[in-house]
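These are the residues of each chain, in order.
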Amino acid sequence: MHAAGRRIRRGLRLAACWLAALLPAGPVLAEDGHDLWLRYVPVQEERAADYRARATELVVASATPTGQATREELVRGLRGLLGTAPALAARAGRDGAVVVGTPAGSPQLAALAPDLAALGEEGYLIRSLPIGGRKATVVAANTDRGALYGAFHFLRLIQTGQPLHALDIRQAPKTKVRVLNHWDNLDRYVERGYAGESIWDWHRLPGWKDPRYTGYARANASIGINGTVLNNVNTSAQMLTPMYLEKAAALAGVFRPYGIKVYLSARFSAPIEIGGLKTADPLDPAVRRWWKAKADEVYRTIPDFGGFLVKANSEGQPGPQDYGRSHADGANMLAEALAPHGGIVMWRAFVYSHEEPDDRAKQAYTEFVPYDGTFAPNVLVQVKNGAIDFQPREPFHPLFGAMPKTPLMMEFQITKEYLGFATHLAYLAPLYEEALRADTQVRGPGSTVAKVVDGSLEGHALTGMAGVANIGSDRNWSGSHFDQANWFAFGRLAWDPYLESEAIAREWVKMTFSTDPAVVDPVVAMMMGSREAVVDYMTPLGLHHLMGRGHHYGPAPWVSGGPRADWTSVYYHRADAKGIGFDRSATGSNAVAQYAAPVAAQFGDLATVPEEFLLWFHHVPWDHRMASGRTLWDELVHRYGRGVDYVRGMRTTWDGLAGKVDAERHAQVAAFLAIQEQEAQWWRDASIAYFQTFSKRPLPAGEAAPPHDLAYYQSLQFPFAPGDGK
Ligand code: BDP
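Reference entry: report on the structure contained in this document. (Residues numbered from 1 in each chain as written. Predicted model: local features only at pLDDT ≥ 70, side-chain atom pairs only at ≥ 80, totals over all residues. Heavy atoms only, no water.)

Here the focus is the environment of Leu-425. Here Leu-425 shows up in the loop between β13 (408–413) and α12 (429–437). C-alpha separation for the pair Leu-425 and Leu-673, spaced 248 residues apart in sequence, amounts to 7.0 Å. Ignoring anything within four residues of it in the chain, the contact list for Leu-425 reads Phe-482, Met-526, Ser-530, Met-650, Leu-673 and Gln-676. (Helix = DSSP H or I, 4+ residues; strand = E, 2+ residues; numbered from the N terminus. Contact = heavy atoms within 4.5 Å.)

Below is the structure:
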């Protein structure tokens, strides 16, 4: 190198040193969130030596693609976390070896005779055990997939700062089918997606397999997700044509080593649209033959295909009722076609008919309960957590517990269609946890929704949980840094529905931002109250479905008219001069009667209904006295404001973390929180301005009047808001 070149280099080095000295201490490297919770940044120095001593050597006794993926992940993880990669070996020979695999694949593991009997196909154990008199950590499973999950768990222990010296962990998933549902169209539009266009680059598949697909598979495997439905429930039949099956097969090939199966949404009328038949009647022999042949073709293309997800006779989608047949007829026809290949049908219970004038909240129960016991054994009925539609808060769906002979699968929404899109910070695990812990009481106290979903209440072996994905092509995958936590939490809860939302948040923050308690504690605290804040500033006290028409952005409690009453806001809040709320008690729609007697009694009585569900179940006078001593009107106004205040508090907390979180992510979260505060304020102001026209009561002392009149809020239009399904 020329002397001049050397001088320039030295100068640059010096400049870099000065710069470093000028910058504040702490993490200064920019991060864009692409690495999710698998960042593998160096652990704190005081812990590193101990960890290094327990990961000197790595033995992954498997040559399969899954074994290879496991080895690569451990090398990547340990190198990043500990600064040095462990030596790769075929047999443990040193102190501090990590031995990963199955007894079948490793004589060394077989000799230890680990008790794997209860761990099934996906479980694992992690134990500190001596091998040949030397310290070792064993990650053992019955299958390579189990070992992969164990490897991620082992890495998580280090990522979250846990000691490694006396490990004795046994884990097996409590549900069988743990899937994401992508609402992605073939043109890459994502219905209710707020993270850019679809991650699936259909046009360039199968030739181009974007490396992001591998990143996606790693992230999902790390939290135990074992399946993905690639296409929207409102699907085009094109998905089942040979061209698209080839593309899906290419994705399946990328996911397979990570234990992830591909599933597809099937359009019920596909036999007509792509099969040239005149009917899609599930009892028509030609239709049945068509589906059998289609299933055979799918399995020729994707040998480990998972099965079909179906939205039928819901919101205009075709279905068996078009031919006078039942949901069971439709589901069982598909089940029969898939059964020889081991595939399953996930038949959605999100239905409500156009003609039905009765309470929409009652319709799924009314349509499905009569068919309990008639579904084929490879059918799961997939039920949303609440009876309306992923609202910020809903009571648990009355179907849970009401179909004992049918395995019911939980459907949660990870994308935040009704909770502020990707801009609002709302940690959803408390919502999931609330639904899972709800007590259906169908078999006495303790008959929780979680026990329905994991099959333990009625003894079902086929069980599952689905999450409507929030993933798109944004660099940070989810459209915001904090929405990654909802993907993470969904996976953790699908694996174990009894986990605590706070513990999950703690793990995620440590893996995603920092293990420094000065970061972890305030961020976890902020996350834990964030969903309740959304409930407060959007739909307090059991209000629901008050958002903008179509796109669902922003407040619009005044929405009325249009094609269907149950697509309006006034249908749900029923505000009038006397009061507000939907009477679902015995004096109203009597939806409460769909719950087990003790629950029905609790929800149906104004004196005992929990306040968070008050206006869900009752039409309540404006002057009704609340537990706080306030009138209902004053309490409503108070709650709206409390939600806005919480967001202000989150902004203060987050501002205080500047310098403790890398600048790029810090800045985006700060900007989004500012948007959230504005929008929370907007929800509060617009809602109060509107409901005051009914309550005709003054605002309580100290509560600011909305800065605009109602006409202003009603005039706001958002024709290009993202994610609109129509
Ligand atoms: C609603 C969405 C709509 C979906 C529908 C569903 O607004 O876009 O298609 O649910 O779950 O939440 O089928």
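Attention now goes to the site of the ligand. Inspection of the region around the ligand gives 14 residues, with Glu-191, Lys-311, Arg-348, Asp-389 and Glu-417 positioned closest. The contact in question runs from an oxygen atom of the ligand to an N or O atom on the side chain of Lys-311, over 2.6 Å. Its free accessible area being 320 Å², the ligand has 98% of it covered by the protein chains. Among the residues forming the shell around the ligand, the class breakdown is four nonpolar, two polar and eight charged. (Near = heavy atom within 4 Å. Polar contact = N/O pair within 3.5 Å; in protein donor to acceptor, adjacent residues only side chain to side chain. Areas by Shrake-Rupley, 256 points an atom, 1.4 Å probe, with all protein chains shown as cover. Nonpolar A, V, L, I, M, F, W, Y, C, P; charged D, E, K, R; others polar.)

Glancing now at helix α3 (residues 65–82). When the terminal C-alpha atoms of α3 are compared, their 25 Å separation across 18 residues agrees well with the 26 Å that a helix rising 1.5 Å per residue should span. Among the residues making up α3, those that are buried are Thr-66, Gly-67, Ala-69, Thr-70, Arg-71, Glu-73, Leu-74, Val-75, Gly-77, Leu-78, Leu-81 and Leu-82. On the buried face of α3, the contacting elements are α2 (45–53), β1 (57–60), β2 (87–88), β3 (97–101), α5 (144–159) and α6 (212–222). Among the residues trailing α3, Gly-83 stands out with phi positive, at a value near 85°. (Expected span 1.5 Å × (residues − 1). Buried < 20%, exposed > 50% of the residue type's maximum accessible area, 1.4 Å probe, protein only.)

This part is about the pairing of strand β4 (residues 124–128). A large share of β4 lies buried, amounting to four of its five residues. The pairing of β4 with strand β6 (residues 168–171) spans four bridges and is antiparallel. Considered in β6, the bridge of Arg-127 is made with Asp-168. Here β4 runs beside strand β5 (residues 136–140); their pairing, made up of four bridges, is antiparallel. Note that in β5 the partner of Leu-125 across the bridge is Ala-140. (Pairing = 2+ DSSP bridges.)

If you look at the biggest cluster of nonpolar residues, it comprises 218 residues, and the most contacted ones within it are Phe-255, Trp-291 and Trp-487. Of the residues forming this core, the biggest block, 10 residues, is contributed by helix α22 (residues 663–695). Residue contributions to this core reach at least three from each of two domains, namely domain 1 (45–171) and domain 2 (177–507). Once residues lying within four places of it in the same chain are set aside, the contact partners of Trp-291 are Leu-240, Ala-266, Arg-267, Phe-268, Ala-270, Pro-271, Phe-308, Met-333, Leu-334 and Ala-337. In this structure, Val-59, Ala-97, Val-99 and Ile-131 belong to the second largest nonpolar core, which totals 13 residues. (Core = buried A, V, L, I, M, F, W, Y, C linked by side-chain atoms within 4.5 Å. Domains from an automatic or database assignment.)

What follows concerns the sheet that holds β4. Spatial strand order, β2-β1-β3-β5-β4-β6: six strands in an open sheet with mixed pairing. Lying at the two open borders of the sheet, with one neighbouring strand each, are β2 and β6. Here β3 runs beside β5; their pairing, made up of five bridges, is parallel. Residue pairing in the sheet places Val-98 in a bridge with Thr-137 of β5. Where α5 meets the sheet, its contacts fall on β3, β4, β5 and β6, and the angle it forms with β4 comes to roughly 45°. (Axes fitted to C-alpha atoms, helices over the stretch in contact; angles between N-to-C directions.)

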